[in-house]
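Structural overview for review
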Amino acid sequence: MIKLKRMKKIWMIGLLVLLFSCKHDRLKIDVSKVDVNLNVYHTEKLIFVKDSSAFSKNLDYILTNQKGFFDIYTKHVLQIGTSDDPNFRYYLESFVKDTVISRVADSVNYVFNDFSKIEKQLIKGFKHYKYYFPNNQIPPIYTCVTGFNQSIFVSEYGVGIGLDKYLGSNCIFYNYLGIPHYKCANMHPGKMVPDLFYSLYFTDFSGNDSINDLLSNMIDQGKAIYFTKAMCPEIPDSVIMGYSAKQLKWCHKNEGRMWEYLIEKKLLYSTERLTLQKFIGDAPFTNVFSEESPGKTGVWLGWRIVASFMNKNENITLQELMNMNNAQVILNRSGYFPE
C-alpha cells in the first residue's frame, strides 16, 4: 500500500513536470473558420504563347484588366517601359521570343504546371494574415517570368512572384548564371510562400527605429521572421530562415556563444556598415564564427529575441508587436539570455 502511494506520488510529480515543461506555442492557431478570397493570376501563361494573334489578344486582355500590375512588372522588373510607350509591344514580344527566356518559360511551365499545392499554402497563409490583421486587404497574386531579376515584388496593385527564381536548387540556369550554391539552395518552390510573407512584412510593417545599429537591424529582421513564421507555422524553421537542418542545429548549439561574442565585442550598438553586413547580410557563413555557421546569424538571434519577448509578454498581440519600433525596449522586455 505504501509502495502504491509512493508510485502514485511519483506519477503525479512526473505529470506536473511534463505539463509545466510543455511551452504554449502562440503561433499554433485554428484558422479553419477564417474566410479569404485569394485571386491568383498567371501572367506568364498569357504572354508566353506561340501564336502571335493569341499573344496580341492576351496582351489586350492584360492591359484592360491588369494594367496597374503589368506596368510595374514591365517597367521595374523587365525594364522595358510601360504599355504607354509606342514601342512597348515590340519590346515585350522581343523578351517573350528570346531564345533563352523561352527555355526558361518552358521550365517554369513544367515545374509549376500544377500550382494548386502552392495556392493552398498561400490561402492558408492568408487565413493567418486575416486572423491577425482582420482589417487588412488580401492582395492579388501575380505569377510571372522575370528574367531572373526578382523573386517577390510588392506593389499597390498586388504581389508578383518571379517563378523563374524558384525552379529548384539544381536548376541548370542558375549554374549558367554563376549563382553561388548557398543562394541556389533557397531557390526552390518550398521557399516561395515564406519569401512572400517575409516581403509583405517589409511593405506593411517594417519599423522606423531612428537608430540604424546592429541591434535595431537584428530586431527588425527578427520581427520579419517571426511574422513569416506566424503566417506559415507549419513550415519548418530551417525553411523559414533559409538554413539547412545542420546549420539550424549549429545555431541552437552555439546560441550562447554567438550572443556572448556580440556582447563582449560591444557590437550591438555598432552602426558600421561592414558590421551590419557581417551579421545581417546573406552569406555562405558568418566569418567571425566558423565555416560551419550559416550566414545571417544576427537575423536568427534577432528572431530568438523577438520570440522570447512574445513568449514572455503574452498580452502583446502580433499586431502590437508590428507597431513596436524600439529595439531596445523589445530586448529589455524579452528576458533573453541564452546559455
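In what follows, the accompanying structure is described. The structure presented is a predicted model; accordingly, all values stated were derived computationally and were not measured. Residue positions are counted from 1 within each chain, in the order its sequence is given. For a predicted model such as this one, the threshold for reporting local features is a pLDDT of at least 70, and the threshold for listing and counting side-chain atom pairs is 80 or more; totals across whole chains, interfaces and linings nevertheless cover every residue. To get the side-chain values, all heavy atoms of the structure are used, and hydrogens and water are removed first.

**As for the state of the cysteines**
As a reminder, the rule being used: When two cysteine sulfur atoms lie within 2.5 Å, the pair is treated as a disulfide. Relative accessibility under 20% of the residue-type maximum defines a buried residue, over 50% an exposed one, and the middle range a partly exposed one, all with a 1.4 Å probe and only protein chains included.
One pass over the structure, following the stated rule, counts 0 disulfides. C184 takes part in no disulfide bond, and the closest cysteine sulfur to it belongs to C171, at a distance of 8.3 Å. By relative accessible area, C184 is classed as buried at 7%. Lacking any disulfide linkage, C232 is separated from the closest cysteine sulfur, that of C144, by 19 Å. Residue C232 is classed as buried on the basis of its relative accessible area of 6%.

**Re unusual backbone geometry**
Just so we agree on the cut-off: Working definition: helices are DSSP H or I runs of at least four residues, strands are E runs of at least two. Numbering for both runs from the N terminus.
Even without a glycine there, the phi angle at K266 is positive, about 55°. As for its position among the elements, K266 is in the loop between α13 (245–264) and α14 (273–280). Positive phi, normally seen in glycine, also occurs at K296, with a value near 55°. Looking at the secondary structure, you find K296 in the loop between α14 and α15 (297–312).

**Regarding the packing of aromatic side chains**
Using the following cut-off: Pairing of aromatic side chains requires ring centres within 6.5 Å, counting the rings of Phe and Tyr and the six-membered ring of Trp. Pairs whose planes differ by under 30 degrees are stacked, by over 60 edge-to-face, and all others tilted.
Applying the stated rule across the entire model yields 28 aromatic pairs. With 5.0 Å between their ring centres and 70° between their planes, Y198 and F202 make a pair best called edge-to-face. Taken together, the positions of Y198 and F202, both in helix α10 (residues 192–204) and 4 residues apart, correspond to about one turn of that helix. Taking the relative accessible area as the measure of exposure, Y198 reaches 26% and is therefore partly exposed. Classification of F202 by relative accessible area gives partly exposed; the value is 31%. Where Y201 meets F227, the ring centres are 6.1 Å apart and the plane angle is 45°; that geometry is what we call tilted. In this pair, Y201 is assigned in helix α10 and F227 in helix α11 (residues 214–231), connecting sequence segments 26 residues apart.

**Section: helix α6 (residues 99–111)**
Stated precisely, the cut-off is as follows: The span you would expect from a helix comes to 1.5 Å times its residue count less one. Our arc is simply the arc of the directions from the helix axis toward the C-beta atoms. Contacts are assigned to residue pairs with any non-hydrogen atoms lying within 4.5 Å of each other. Pairs of N or O atoms within 3.5 Å make up the polar contacts considered here, provided that, within protein, one atom can donate a hydrogen while the other can accept it, and that residues adjacent in sequence are counted only when both atoms are side-chain atoms.
With 13 residues, α6 should reach 18 Å at 1.5 Å per residue; the first-to-last C-alpha distance of 19 Å fits that figure. If you check which residues of α6 are buried, you get I101, V104, A105 and V108. Taken around the axis of α6, the buried residues stretch over an arc of 100°, which confines them to a single face. Of the exposed residues in α6, the ones pointing more than 90 degrees away from its buried face are T99 and Y110. Looking at the buried residues of α6, the elements they touch are α2 (43–47), α5 (88–97) and α8 (172–176). Where α6 begins, the capping side chain belongs to D98, and its oxygen is found 3.0 Å from the backbone nitrogen of V100.

**Concerning the layout of surface pockets**
The criterion, for reference: Here a cavity denotes a set of grid points, spaced 1 Å apart and computed over the protein atoms alone, in which a 1.4 Å probe fits but from which it cannot get out, and a pocket denotes an open set meeting protein on both sides within 12 Å along at least five of seven lines; residues with an atom within 4 Å of a point are reported as lining. Grid points are joined across faces, edges and corners, and a volume is the space filled by probe spheres set on the points.
Its boundaries defined by the atoms lining it, the largest pocket holds a volume of some 990 Å³. Y182, N186, G242, D282 and K296 are, among the 38 residues lining the largest pocket, the residues nearest its centre. Contributions of two or more residues to the lining of the largest pocket are made by α9 (181–184), α10, α11, α12 (237–241) and α13. For the lining of the largest pocket, the element with the most residues is α13, which contributes 5 residues.

**A short note on the pattern of salt bridges**
This is how the line gets drawn: Basic side-chain nitrogens of Lys or Arg form a salt bridge, by our definition, when they fall within 4 Å of a carboxyl oxygen of Asp or Glu.
Using the criterion set out here, one finds 9 salt bridges in the structure. A salt bridge links D60 to R89, with the shortest nitrogen-to-oxygen separation between them at 2.4 Å. With D60 in helix α3 (residues 52–65) and R89 in helix α5, this residue pair connects regions lying 29 residues apart in the sequence. The class of D60 is partly exposed, set by a relative accessible area of 35%. In this structure, the salt-bridge partner of D71 is K67, at a minimum N-O distance of 2.7 Å. One end of the pair, D71, and the other, K67, are both in helix α4 (residues 67–77), 4 residues apart, so they sit about a helical turn from each other. Take K67: its relative accessible area is 31%, and that puts it in the partly exposed class. Connected via shared salt-bridge partners are K67, D71 and D84.

**Looking at the nonpolar core**
As a reminder of what qualifies: Working definition of a nonpolar core: buried Ala, Val, Leu, Ile, Met, Phe, Trp, Tyr and Cys residues. They are joined through side-chain atoms within 4.5 Å.
Ranked by size, the top nonpolar core spans 99 residues in total, and within it Y73, L92, F126, L196, F197, F227 and M231 carry the most contacts. The biggest single contributor to this core is α11, with 10 residues. If we skip the residues at most four places from it in the chain, F126 touches V36, L38, I138, P139, I141, L196, F197 and L200.

**Considering α13**
Applicable threshold: Fitting axes to the seven residues that end at a residue and to the seven that start at it, the angle between those axes gives the bend at that residue.
The terminal C-alpha atoms of α13 lie 28 Å apart, and with 20 residues this matches the ideal 28 Å at 1.5 Å per residue to within 8%. At N254, α13 shows its strongest bend, of approximately 65°. For α13, the full list of buried residues reads L248, W250, C251, N254, E255, G256, M258, W259 and L262. At the C-terminal side of α13, K266 shows a positive phi close to 55°.

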